[in-house]
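# Breakdown of the fold
Read off the chains here:
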Amino acid sequence: MTTPLLILIAGPYRSGTGGDPALIARNLETLEQAVAPIHRLGHVPMIGEWVALPILRGLDEDAATDGDVMYETAHRLLQHCDAVLRLPGESSGADKDVEIARERGLPVFRSLDEIPALGAAARVR
């Protein structure tokens, strides 16, 4: 492998939080724990909420529901991703990301250990 993969990190964001902002923030922190290891492997990590949350802030309340924007953003983003890392935990959105990835023939990793390292000669420092 000589080209970095754009890897979508999929896992619980709102699931199991009851809308509690502290629990949602904790879920985002959990997603973000995979970012540095993916970067160290030579790839580009991506979390859909990084893209969707600013979109939500820019829409008026009648434009769309949170879930619609989150799912639609992930669907669009997956058209550009090369793989998905599915973290543990119940999440219909993350399950949908995996389904889309499989439909596109993309690899779905279940742990960081499954992600291949980019060859050292191909890494940009």
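For the structure, see preceding data.
No experiment lies behind these values; they were computed from the predicted model shown.

## A word on the overall build of the chain
The secondary structure content of the chain amounts to five helices and four strands. Beginning at the N terminus, the succession of helices and strands in the chain can be written as β-α-α-β-α-α-β-α-β. In the chain, which comprises 125 residues, the proportion classed as buried is 42%. Counted over contacts in the chain with a minimum sequence separation of 6, partners at least 24 positions apart contribute 63%. Summing over all exposed atoms, the chain offers an accessible surface of approximately 7,300 Å²; the carbon and sulfur share of this is 53%.

## Side note on helix 3 (residues 48-58)
Residues Gly 48, Glu 49, Ala 52 and Leu 56 constitute the buried set of helix 3. Buried residues of helix 3, seen end-on, are gathered within an arc of 75° and therefore sit on one face of the element. When the buried face of helix 3 is taken as reference, the exposed residues oriented beyond 90 degrees from it are Arg 57 and Gly 58.

## Some points on the side chain of Asp 97
Locating Asp 97 in the fold gives a position in helix 5 (residues 92-103). Despite its burial, Asp 97 pairs with no opposite charge; the closest candidate is Arg 86, at 7.3 Å N-O. Not counting the four nearest positions on each side in its chain, Asp 97 is found in contact with Leu 8, Ala 10, Ala 74, Leu 78 and Val 84.

## Observations regarding the pattern of salt bridges
All chains considered together, the criterion is met by three salt bridges. Arg 86 is the salt-bridge partner of Asp 95, the closest N and O atoms lying 2.7 Å from each other. On the accessibility criterion, Arg 86 (5% relative accessible area) is buried. Across the salt bridge formed by Lys 96 and Glu 99, the nearest N and O atoms sit 3.2 Å from each other. Placement of the pair is Lys 96 and Glu 99 together in helix 5, with a separation of three residues, close to one helical turn.

## Overview of the sheet that holds strand 4 (residues 108-109)
Strand order in the open sheet made by the four strands is 2-1-3-4, with parallel pairing throughout. The sheet is open, and its two borders are formed by strand 2 (44-46) and strand 4, each paired with just one other strand. Strand direction decides the pairing type here: strand 1 (residues 6-10) and strand 2, joined by three bridges, are parallel. Directly across from Leu 8, in strand 2, lies its bridge partner Met 46. Seen against the sheet, helix 5 touches strand 1, strand 3 (83-86) and strand 4 and runs at an angle of roughly 150° to strand 3.

## A word on the environment of Gly 93
As for its position among the elements, Gly 93 is in helix 5. Residues Gly 93 and Ala 74, 19 residues apart in the sequence, show an inter-C-alpha distance of 8.5 Å.

Thresholds applied
- Residues numbered from 1 in each chain as written.
- Predicted model: local features only at pLDDT ≥ 70, side-chain atom pairs only at ≥ 80, totals over all residues.
- Heavy atoms only, no water.
- Helix = DSSP H or I, 4+ residues; strand = E, 2+ residues; numbered from the N terminus.
- Buried < 20%, exposed > 50% of the residue type's maximum accessible area, 1.4 Å probe, protein only.
- Contact = heavy atoms within 4.5 Å.
- Areas by Shrake-Rupley, 256 points an atom, 1.4 Å probe, with all protein chains shown as cover.
- Arc of directions from axis to C-beta.
- Lys, Arg positive; Asp, Glu negative; His and termini not counted.
- Salt bridge = Lys/Arg side-chain N within 4 Å of Asp/Glu carboxyl O.
- Pairing = 2+ DSSP bridges.
- Axes fitted to C-alpha atoms, helices over the stretch in contact; angles between N-to-C directions.

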